[in-house]
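If you want the building blocks of each chain, they are given just below.
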Amino acid sequence: MTGLLTGKTVLVTGAGSGIGRSAAEVLAGHGADLVLADINGDTCHETAESVTAKGGNAVPVVADVSREDDADAMVEAAIRAYGRLDGAFNNAGVDGAFESVAESTVENWDRVTDVNLKGVWLCLRAEIRRMLASGGGSIVNTSSTGGLVGMGLGLSAYVAAKHGVVGLTKAAALEYATQGIRVNAVCPGTVRTGMYHQVVATGVVTEEQIAAMQPINRPGDPAEIAEAVAWLLSDHASFVTGQAWAIDGGLVAQ
Ligand SMILES: NC(=O)c1ccc[n+]([C@@H]2O[C@H](COP(=O)([O-])OP(=O)(O)OC[C@H]3O[C@@H](n4cnc5c(N)ncnc54)[C@H](O)[C@@H]3O)[C@@H](O)[C@H]2O)c1
C-alpha cells in the first residue's frame, strides 16, 4: 500500500468490470476506502469481494448511473459507510451500436447518451452537493480519445457523449475551482476490457488494427488508466483541474 489515498473515501462507478474493476483494486492498493457501484450486481459484488479479500474496504451498491435516485443513493451509501466522500471516479459507460449517422437510431442515441453523459452529470451533481457540504474533493470522469477526436468508426453517439463529458468536466472545474473541488477527465485510448472484446467481436475492427491505431502499438491495460486516476484523486494533483488527460499510447498526439 502506498498511502497515496489513505483516509480518503472514493466512489467508483462501473466497478464490476474493466477499467472500473481495475480502479477499485488500484485505489484500494493506494489506501482508499471504496463504494463500488455497477448496474450488474453480481460483478459489482465480485469486485468488492476481491478488494476486501486483500484487506481493503469496499461497499458494493447496485445502481444505474442514468437514474437520478440511484446516483444520489450511491453518494448516500458512502456517507452511511464512512461518513464522508472525498473522491469519485465516474466511469460507467457503454459503447453502443456501430452505425453511420444516416442509419443511426433514436434508441441507440438515447441509451448511449443516457449512460455516458447524463449518467456522468447525475453522479457529478450528487457528488458535488456532498463535497460542497464537507469542504471539497476530487472527481475524475471517464471520457475517451473519442471525447477529443471524431474516430470515424460509426460511433457518433458515443463520440458526442464523450465530447460532452469533456465539456461538462471543464464547466464544473471552473464553477468549483475556488471551493476545493477539482474535476478532471481521463481519455483512454483502446484498453483491453469487456468493451474491447465486444468491439472486436463485431468484426468492425481487428485486434491488429486496434493495436496499430496507437503509436505504442498495443492496447492499454486497465491498470494503466487506474494509476492515472489514483494520482488525479490524490493531493499530489492539487493544482490540476479542468483537464482532459489522454492516456492513449500516443493516439491523439498524431
Ligand atoms: N475499453 C476501452 O477501450 C475504453 C476506451 C475509452 C474509454 N472507455 C470508457 O471507459 C469506461 C469503462 O469501460 P470499460 O472498457 O471498462 O468497459 P466494461 O464494459 O468492461 O465496463 C463497464 C462497466 O460499466 C457498467 N455499466 C454499464 N452501464 C451502467 C449503468 N447504466 N450504470 C452503472 N453501471 C453501468 C457495466 O456493467 C460494466 O461493469 C467507459 O466509460 C468507457 O466508455 C473505454
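Residues numbered from 1 in each chain as written. Predicted model: local features only at pLDDT ≥ 70, side-chain atom pairs only at ≥ 80, totals over all residues. Heavy atoms only, no water.

The protein is annotated in an unreviewed UniProt entry as Glucose 1-dehydrogenase of Amycolatopsis carbonis. Turning to the protein, the UniProt record has this under Sequence similarities (unreviewed entry): "Belongs to the short-chain dehydrogenases/reductases (SDR) family." (UniProt positions renumbered as here; feature names shortened; annotations may be inferred.)

Trainee: Even after reading the chapter, I still don't get the pattern of salt bridges, so can you show me in this structure?
Mentor: Here the idea is simple: oppositely charged side chains can pair when their charged atoms come close. For the structure on display, the rule yields eight salt bridges. Here Lys54 makes a salt bridge to Glu25, at a shortest N to O gap of 4.0 Å. Remark: Glu25 occurs in helix α1 (residues 18-29) and Lys54 occurs in the loop between α2 (41-53) and β3 (58-62); sequence separation between them is 29 residues. Measuring nitrogen to oxygen at the nearest pair gives 3.4 Å for the salt bridge that ties Arg130 to Glu76. You can see Arg130 sitting in helix α4 (residues 106-134) and its partner Glu76 sitting in helix α3 (residues 68-82), a full 54 residues away along the chain. (Salt bridge = Lys/Arg side-chain N within 4 Å of Asp/Glu carboxyl O. Helix = DSSP H or I, 4+ residues; strand = E, 2+ residues; numbered from the N terminus.)

Trainee: What am I meant to see in helix α8 (residues 222-233) here?
Mentor: Residues three or four positions apart in an α-helix share a direction because the helix packs 3.6 residues into each turn. With twelve residues, α8 should cover 16 Å at 1.5 Å per step; its first-to-last C-alpha distance of 17 Å lies within 8% of that length. Residues Pro222, Ile225, Ala226, Ala228, Val229, Ala230, Leu232 and Leu233 constitute the buried set of α8. For α8, the secondary structure elements touched by its buried residues are β1 (9-13), α1, β4 (87-90), β5 (137-142), β6 (181-188) and β7 (244-247). (Expected span 1.5 Å × (residues − 1). Buried < 20%, exposed > 50% of the residue type's maximum accessible area, 1.4 Å probe, protein only. Contact = heavy atoms within 4.5 Å.)

Trainee: How should the environment of Ile181 be read in this particular structure?
Mentor: Among the secondary structure elements, Ile181 is positioned in strand β6. Residue Ile181 is classed as buried on the basis of its relative accessible area of 1%. In sequence terms Ile181 and Gly136 are 45 residues apart; their C-alpha atoms lie 4.7 Å from each other. Not counting residues up to four positions away in its chain, the partners in contact with Ile181 are Ile128, Met131, Leu132, Gly136, Gly137, Ile139, Tyr176 and Thr241.

Trainee: Honestly, the pairing of β6 in this entry has me stumped. Any pointers?
Mentor: When a strand is regular, its side chains alternate between the sheet's two faces. Along β6, eight of the eight residues are buried, which leaves the element largely enclosed by surrounding structure. Alternating residues of β6 divide into Ile181, Val183, Ala185 and Cys187 and Arg182, Asn184, Val186 and Pro188, and every residue in both groups is buried. Summarising the sheet, β5 and β6 pair through six bridges and their orientation is parallel. Residue pairing across strands places Asn141 opposite Ala185, the latter belonging to β6. Read as a crossover between parallel neighbours, the route from β5 over helix α5 (residues 156-175) to β6 is right-handed. One ladder, built from four bridges, connects β6 with β7; its direction is parallel. Along β7, the bridge assignment pairs Val186 with Trp245. (Pairing = 2+ DSSP bridges. Right-handed = clockwise from strand over helix to strand, strands pointing away.)

Trainee: Looking at this structure, I do not really get the site of the ligand. What am I missing?
Mentor: Taken together, 27 residues surround the ligand, and among them Ser17, Asp38, Tyr158, Val191 and Thr193 come closest. Here Lys162 contributes a side-chain N or O atom positioned 2.9 Å from an oxygen atom of the ligand. In the environment of the ligand, an oxygen atom lies 2.7 Å from a nitrogen or oxygen atom belonging to the backbone of Val191. About the coverage of the ligand: the protein hides 91% of its 830 Å² of free accessible area. With respect to the detected pockets, the ligand is housed in the largest pocket. Of all the secondary-structure elements, those providing two or more residues to the shell around the ligand are α1, α5 and α6 (194-202). Each residue belonging to the shell around the ligand can be placed in one class, and the counts come to eleven nonpolar, 13 polar and three charged. (Near = heavy atom within 4 Å. Polar contact = N/O pair within 3.5 Å; in protein donor to acceptor, adjacent residues only side chain to side chain. Areas by Shrake-Rupley, 256 points an atom, 1.4 Å probe, with all protein chains shown as cover. 1 Å grid on protein atoms, 1.4 Å probe; cavity = no way out; pocket = protein on both sides within 12 Å on 5 of 7 lines; lining within 4 Å. Sits in = over half its atoms within 2 Å of the grid points. Nonpolar A, V, L, I, M, F, W, Y, C, P; charged D, E, K, R; others polar.)

Trainee: Just to check I follow, could you spell out empty space enclosed by the protein for this structure?
Mentor: Take a probe with the size of a water molecule and roll it over the atoms, and the empty space left behind shows itself. For the structure on display, the rule yields one cavity of 30 Å³ or more. There is about 50 Å³ of room inside the largest cavity. In the lining of the largest cavity, the residues fall into four nonpolar, five polar and one charged. (Points joined across faces, edges and corners; volume = space filled by probe spheres on them.)

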